Amino acid sequence: MEPKGSKLLLQELLTAAGNDACADCGNPEPDWASLTLGVFICQACSLLHRSIPHISRVKSVQEAWEDGEVELMAAGGNSAAKAKYEQKVPAFYYRPKHTDCKLLREQWIRAKYERNEFEFIEKQEPYSAEREGALKYFNKQDAREPKAAMKVETLNATFQPAKIGNPCGLQITYLKDNSTRNIFVYHSDAKEMVDWFNAIRAARFHYLQVAFPGASDEELVPKLTRNFMKEGFMEKTGPKHTEGFKKRWFTMDDRRLMYFKDPLDAYARGEVFIGSKENSYTVLAGLPPSTQGHRWNHGITIVTPDRKFLFACETEAEQRDWISAFQRVINRPMRPQEYAVEAHFKHKP
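Here, residues in each chain are numbered from 1, in the same order as that chain's written sequence. Only residues with pLDDT of 70 or above have their local features reported here, since the model is predicted, and side-chain atom pairs are shown and tallied only from 80 upward, although totals for entire chains, interfaces and linings are computed over all residues. The side-chain quantities take in all heavy atoms of the structure and omit both hydrogens and water.

A. Examining unusual backbone geometry more closely. One non-glycine residue, asparagine 116, lies in the positive phi region at around 50°. The helix and strand labels rest on DSSP assignments: H or I over at least four residues marks a helix, E over at least two residues marks a strand, and numbering proceeds from the N terminus. As for its placement among the helices and strands, asparagine 116 is situated in the loop between helix H5 (102-114) and strand S4 (134-137). One non-glycine residue, aspartate 254, lies in the positive phi region at around 55°. Among the structural elements, aspartate 254 can be located in the loop between strand S10 (246-253) and strand S11 (256-260).

Here you go:
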C-alpha cells in the first residue's frame, strides 16, 4: 500500500510555484515527472524524455509513488532545474511552447539535459559568427557567387514540417523588391536544423540591437522570428469579381496576405496588405449577393480603401478561423513603419 502522506505531498509539490507548468514547454498542469531530473512535465514532453532514457526516467503522477521518489521531487522541482539547466540560455535562443513542432521541443530538451548547452557556454554552437548582414546560399560548394543573398533586415524562419513533408522542414522568407521570396530547407540532422534556426535568430538579434540601440532584450526578442498567423486553401476572384474563382494557397504573415498556386512556390501570385480599422479596412462574413463562380460556400469579403477582395472557404470552421485572423490584424493600430509598407503595396502592379 502507498502511504497516504506521499500522495498528499506529491499533490502539494504539483501546486508549488514553478511546478504548476511543464518545465520544458510551459503547458499548464503537468501530470508527469522525471524522477532523475526532478522536474514536472506534460505528457507530450514526457514522450520526448523517453528518447533520452539514459538521462531521464519518467513517471505519471497518477501512478503509485514510493516515499523516496517523492523526496527526490521535493529536493528538486522546476524552479531549481531551471536555475541549473537554463542558466546560460542566450537571449535570442528560441524557448519552445507546447504549441510548437516536435522538432523544436525535442531539441530544447536534448540541449538542456543531454548536451548541457546552457550550463557550459563552450558546449553551445557559435551562433553569432555572422556579421555581414546577409544569409547567402550557393548552388555548389565551390560556387564563386551566391544564388541568393537574403538581408537579415527582412529575414524570417518558421518550421513547417507538415507543409514541407519533412520533420526538419524550415521555411525561410525574405523580401526581394518588396515581394516575399520563400526558400524551403531541410536536413536529416534535427540538431543541425535547430542550430540554423537559432543562428538566424542570433543574426536578427544583432541587427536589431544595432538598429534600436536603446531597446531592451524583452522588446527585441519577439521580433526575431514569427510564425504565420494562418495558412490554408481558399478560392479567390479578380478585381472585377467576374473572372471566376480559383483555388489558391493563402499565407497570412502579419499584415501581408499572400496567395500561391502551390504551397511550396518560391513567389506569391499576389500579396494584399491588411491595414487597420482606423484606416478603413474591414472584414465581413459572406460575399456580395451578385457573386458567382465559387464552388465553396463560406465567403469572406475584405474591404480596403481601394477595393473589395472576395474569398471563399470550404468549411464554416475555416471561414471562422480566417475571419478571426483578419480581425486580429484589423483591430491592431498600424505602427509608423507599416504605413511605408502599405505605400509599397499600393504601387505594386
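B. Representation of the side chain of lysine 59. Within the secondary structure layout, lysine 59 lies in strand S3 (residues 58-60). For the exposure calls, accessible area comes from a 1.4 Å probe over protein chains only, and a residue counts as buried if that area is under 20% of its type's maximum, exposed if over 50%, partly exposed in between. Residue class for lysine 59 comes out buried when judged on its relative accessible area of 10%. Two N or O atoms form a polar contact when they lie within 3.5 Å of each other; inside protein one atom must be a possible hydrogen donor and the other a possible acceptor, and for residues adjacent in sequence the pair counts only when both atoms belong to side chains. Of note is the side chain of lysine 59, whose polar atom sits 2.8 Å from the backbone oxygen of alanine 64. A polar side-chain atom of lysine 59 sits 2.7 Å from a polar atom in the side chain of glutamate 69. Whether two residues are in contact is decided by their heavy atoms: any pair within 4.5 Å suffices. Apart from the residues within four sequence positions on either side, lysine 59 is in contact with Trp32, Ala33, Leu35, Ala64, Trp65 and Glu69.

C. A look at the pattern of salt bridges. Salt bridge criterion: a side-chain nitrogen from Lys or Arg within 4 Å of a carboxyl oxygen from Asp or Glu. Under the defined criterion, the tally for this structure stands at 18 salt bridges. Put simply, arginine 95 and glutamate 86 hold a salt bridge, and the shortest N to O gap is 2.6 Å. By relative accessible area, arginine 95 is classed as partly exposed at 36%. One salt bridge connects glutamate 231 with lysine 163, and the closest N-O pair in it is separated by 2.7 Å. Taken together, the positions of glutamate 231 in strand S9 (residues 230-236) and lysine 163 in helix H6 (residues 161-164) put the pair 68 residues apart, joining distant regions of the chain. Each member of the pair, glutamate 231 together with lysine 163, is buried. Three or more residues are tied together by salt bridges with common partners; here these are Asp24, Lys82, Glu86, Arg95 and Lys112.

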